[in-house]
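# An overview of the molecular structure
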Amino acid sequence: MLSLIACCDKTLAIGYQNRLLYHLPADMKHFKEKTAGKICIQGRSTYESIIGMTGKPLQNRRNIILTRDQSLKPDYSSFVYHSIEEVLKLIQGQVNTDEEVMVIGGSMIYKAFLPYADKVYLTIVDSASREADSYFPMLDDRWKLTNKQHNKADEKKNKYNYSFLTFENNYRQR
């Protein structure tokens, strides 16, 4: 099963200058729970952004980097692929049908994998006032909302109201 996971605002904006728009500890916890122990597909910019924030690739995950950059030499725990076809072949060859593979960004990677996805996890931040240069792709009528959890801002950690939404692809060939 292939799933996409992202945090965005009401306009589907996800980032600006290779940085996340929002820091919500609840979303970070949600992301960690959904991706731990799984294959995580990401673009080079997302990979480098994570290294910039944490000093290392995501831990307890198999990090797959999709890039056209033939010279990229990532951390020993990460693997580089140069085409979506290579990554799809990897997924088909190594994953059981019930094992979830996560696509974690950025915008070009989300757009490339959305047609192959079974599920989308979106954290929608109740805001639209930020400057952005990257967006999550619009979901069409193939996608059905199957779960939602609204959360209120709290004074200590999460500055905005936000919702965890889960969408399933009703027409994906399995």
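Every value quoted in this text rests on a predicted model; they were computed, and no experiment measured them.

### Quick word on the overall build of the protein chain
Scanning the protein chain for helices and strands turns up 4 helices and 11 strands. For 174 residues, the compact-globule formula gives about 16 Å, and the C-alpha radius of gyration of the protein chain, at 16 Å, lands near that figure. Considered along the principal axes of its C-alpha atoms, the protein chain spans approximately 45 × 40 × 25 Å. In the protein chain, 68% of the contacts between residues at least 6 apart in sequence involve partners at least 24 apart. Summed over its atoms, the accessible surface of the protein chain is roughly 10,200 Å², and 49% of this surface lies on carbon and sulfur atoms. Taking the 25 positively charged and 20 negatively charged side chains of the protein chain as two groups, their mean positions are separated by 3 Å.

### Focus: the sheet that holds strand S8 (residues 119-125)
Spatial ordering of the open sheet is given by S6-S5-S4-S7-S1-S8-S11-S10, a layout of 8 strands whose pairing is mixed. At either end of the open sheet lies a strand with only one pairing partner, and these are strand S6 (78-81) and strand S10 (143-151). On average, each strand axis in the sheet is tilted by 20 degrees relative to the strand beside it, whichever way the strands run. Pairing of strand S1 (residues 2-9) with S8, which is carried by 7 bridges, proceeds in the parallel orientation. Bridge pairing in S8 places Leu4 opposite Val120. Helix H1 (residues 25-35) contacts S1, strand S4 (39-43), strand S7 (101-103), S8 and strand S11 (162-169) of the sheet and is inclined by roughly 175 degrees relative to S1. Strand contacts of helix H2 (residues 44-54): S4, strand S5 (62-66) and S6, with the helix running at about 105 degrees to S4, the strand carrying the most contacts.

### Some remarks on the nonpolar core
Counting 30 residues, the largest nonpolar core has Ile41, Phe113, Val120, Leu122 and Phe136 as its most contacted members. Secondary structure elements with two or more residues in this core: S1, S4, S5, helix H3 (84-94), S7, helix H4 (107-113), S8 and S11. For this core, the element with the most residues is H3, which contributes 5 residues. Each residue touching Ile41, except ones within four places of it in the same chain, is listed here: Leu2, Ile64, Val87, Ile91, Val101, Met102, Val103, Ile104, Gly105, Ile109 and Phe113. Within the second largest apolar cluster, 10 residues are counted, among which are Ala13, Val125, Tyr162 and Phe164.

### What to know about the pairing of S4
Where burial is concerned, most of S4 is hidden: 5 out of the 5 residues are buried. On S4, burial covers both faces: Ile39, Ile41 and Gly43 on one face and Cys40 and Gln42 on the other are all buried. Relative to S5, S4 runs parallel, the two being bridged by 5 bridges. By the bridge assignment for S5, Cys40 is matched with Asn63. At this point the chain moves from S4, through H2, to the parallel S5, and the crossover so formed is right-handed. Where S4 meets S7, 2 bridges bridge the pair, whose relative direction is parallel. Across the sheet, residue Ile41 finds its bridge partner in S7, namely Val103.

### Observations concerning the pairing of S5
Of all 5 residues that make up S5, 4 are buried, and the element is covered over most of its length. Where S5 meets S6, 4 bridges bridge the pair, whose relative direction is parallel. The residue bridging Ile65 from the neighbouring strand is Val80, located in S6.

Each value, and the rule that gives it
- Residues numbered from 1 in each chain as written.
- Predicted model: local features only at pLDDT ≥ 70, side-chain atom pairs only at ≥ 80, totals over all residues.
- Heavy atoms only, no water.
- Helix = DSSP H or I, 4+ residues; strand = E, 2+ residues; numbered from the N terminus.
- Rg over C-alpha atoms; globule rule 2.2 N^0.38 Å.
- Contact = heavy atoms within 4.5 Å.
- Areas by Shrake-Rupley, 256 points an atom, 1.4 Å probe, with all protein chains shown as cover.
- Lys, Arg positive; Asp, Glu negative; His and termini not counted.
- Charge placed at Lys NZ, Arg CZ, Asp CG, Glu CD.
- Pairing = 2+ DSSP bridges.
- Axes fitted to C-alpha atoms, helices over the stretch in contact; angles between N-to-C directions.
- Core = buried A, V, L, I, M, F, W, Y, C linked by side-chain atoms within 4.5 Å.
- Buried < 20%, exposed > 50% of the residue type's maximum accessible area, 1.4 Å probe, protein only.
- Right-handed = clockwise from strand over helix to strand, strands pointing away.

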